[in-house]
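# Structural features, examined
Spelled out, the chains give:
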Amino acid sequence: GPHQGHIRMPGAFHTELVITANRKIKVYLLDINWQNPTVKNSSLQVIYKTNKKPEKANCYVTSDHYTCEFSKKVDLTKKGILNIEAEREGNKGTTAVYDLPLSHNH
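Computed from a predicted structure; not experimentally measured. (Residues numbered from 1 in each chain as written. Predicted model: local features only at pLDDT ≥ 70, side-chain atom pairs only at ≥ 80, totals over all residues. Heavy atoms only, no water.)

Now for the overall build of the chain. Counting its secondary structure elements, the chain contains zero helices and 10 strands. In the chain, the order of α-helices and β-strands from amino to carboxyl end is β-β-β-β-β-β-β-β-β-β. In terms of principal-axis extent, the alpha carbons of the chain reach across some 35 × 25 × 25 Å. Taken across its 106 residues, the chain has 41% of its residues classed as buried. Partitioning the contacts of the chain with sequence separation of at least 6, the portion at a separation of at least 24 is 53%. Accessible area of the chain: about 6000 Å², with a carbon and sulfur share of 49%. (Helix = DSSP H or I, 4+ residues; strand = E, 2+ residues; numbered from the N terminus. Buried < 20%, exposed > 50% of the residue type's maximum accessible area, 1.4 Å probe, protein only. Contact = heavy atoms within 4.5 Å. Areas by Shrake-Rupley, 256 points an atom, 1.4 Å probe, with all protein chains shown as cover.)

Dropping the structure here:
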């Protein structure tokens with residue numbers, strides 16, 4: 001993706017996931033052409049799943065994207081699944097699923 005992240009298309013928009021640390025990610029809500037990241041009239045929830053209890057990230061708005069951080073129990077470099085529930089400018093998408101660890105093929 002445009003921010004060197006991994007793209008999914010949960011609806012009439014795209015999510016771009018960038019892992020910035022073992023417990024920290026950025027999520028961009030992009031339009032259909034992978035452009036114009038926005039947080040306006042948007043919402044985001046990220047859940048990390050393994051065979052243990054699911055962990056919800058603490059997400060907050062940072063300029064044109066969301067920054068999300070997990071508890072110390074989470075290591076995004078290990079095997080697991082990230083589920084991203086997003087709404088972009090009032091358009092609700094289906095769950096964007098990212099298998100972890102992310103491959104280097106965007």
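Our focus in this paragraph is the state of the cysteines. Inspection of every chain in the model, using the stated rule, returns one disulfide. The disulfide partner of C59 is C68, and the gap between their sulfur atoms is 2.2 Å. Disulfide C59 to C68: torsion about the S-S bond roughly 115°, handedness right-handed. (Disulfide = S-S within 2.5 Å.)

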